[in-house]
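Secondary and tertiary structure notes
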Amino acid sequence: TGMYKSTMGSEACTECPAGTFQPATGRTSQQDCIVCPDKTSSPAGSTAAWQCSIEQYVRDKWLGTCYGYCDCQLYQETQGTLSDGSASSNYVDGSVCRWIISPPGATEITLTVTALDVAAGDRVVVTECLDVDCTSGVAVGGDVSGSLPSGQPISITVGSGVM
C-alpha cells in the first residue's frame, strides 16, 4: 500500500508521490496513486485518504523553501517561541525562514517580538494570510530590521487567524 511497481522483477516498489495515496496493493503505475482532495496534501507513500491534510498542504507549498538553520514549521499551538534555529550562532547568510501560525479555530493572532537582531540589509516580514493556504496575504506591521531596544517588545495582531 502507498506504492506501485511498474516492472516485474526484484526491483523495489516506488512510493506514491506526496499529494497522493494508495490503499491497495498490486498497483503497477503512478497513475494508480489517488490525488488528495483540493487544498490538502499527504507525505510520499501515504496509504489512506485521512493522511491528506491542510497542514501537509501548507508544509508542501510554503515551508519546503527554507535555507540555513531554519526549522520552518506550521505552528498550531496557542503560544510558543519562534527561532531561526541558530541558537547562539549567527544565522546563515542567505537564510530563508518561514513559519505559518495557524492555531485551530483562531480568529485573531497576536505576535509579540521580545528579541530581534537582524543584520543590516536583512529583514523580517510579517504577513496576514487572507486564505487558509496563504496564497494571498497582506504585509502587516511593516518590515522589521535591526535590533529592538531592550525591554521594548513590539506586538502585531491580525484578525484572520492565520499569520
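1. Observations concerning the environment of T28
Mapped onto the fold, T28 is located in the loop between β3 (20-21) and β4 (34-35). Among the residues examined, T28 registers a relative accessible area of 49% and is labelled partly exposed. When residues no more than four places from it in sequence are discounted, the contact partners of T28 are Y4, K5 and S6.

2. Let's talk about the state of the cysteines
One pass over the structure, following the stated rule, counts 2 disulfides. For C16, the disulfide goes to C33, at an S-S distance of 2.0 Å. In this structure, the disulfide formed by C16 and C33 twists by about -80 degrees around the S-S bond and is classed as left-handed. Taken together, the residues C16 in the loop between β2 (14-15) and β3 and C33 in the loop between β3 and β4 connect sequence positions 17 residues apart. Pair check on accessibility: C16 and C33 agree, each one buried. Two residues, C36 and C52, share a disulfide whose sulfurs are 2.0 Å apart. For the disulfide bridge between C36 and C52, the dihedral angle about the S-S bond is near -70 degrees, and by the sign convention the bridge is left-handed. Of the two residues, C36 is situated in the loop between β4 and α1 (54-63) and C52 in the loop between β4 and α1; the sequence distance between them amounts to 16 residues. With a relative accessible area of 8%, C36 lands in the buried category. Assessed through its relative accessible area of 12%, C52 is described here as buried.

3. Thoughts on the nonpolar core
Of all hydrophobic cores here, the largest spans 9 residues; its members are Y75, I101, I109, L111, V113, V126, I156, V158 and M163. For this core, the secondary structure elements donating two or more residues are β7 (109-113) and β10 (154-158). Examining the composition of this core, we find that 3 residues originate from one element, β7, more than from any other. With residues up to four places along the chain from it excluded, the contact list for M163 reads W99, I100, I101, I109, L111, V126, T127, C129, I156 and V158.

4. Focus: the side chain of T20
Position of T20 among the secondary structure elements: in strand β3. Looking at T20, its side chain comes within polar contact range of the main-chain oxygen of P17, at 2.6 Å. Residues within four places of T20 in sequence aside, it is in contact with C33, I34, V35, C36, S42, P43 and S46.

Parameters at a glance
Residues numbered from 1 in each chain as written. Predicted model: local features only at pLDDT ≥ 70, side-chain atom pairs only at ≥ 80, totals over all residues. Heavy atoms only, no water. Helix = DSSP H or I, 4+ residues; strand = E, 2+ residues; numbered from the N terminus. Buried < 20%, exposed > 50% of the residue type's maximum accessible area, 1.4 Å probe, protein only. Contact = heavy atoms within 4.5 Å. Disulfide = S-S within 2.5 Å. Core = buried A, V, L, I, M, F, W, Y, C linked by side-chain atoms within 4.5 Å. Polar contact = N/O pair within 3.5 Å; in protein donor to acceptor, adjacent residues only side chain to side chain.

The quantities given are spatial measurements derived from coordinates; they are silent on function.
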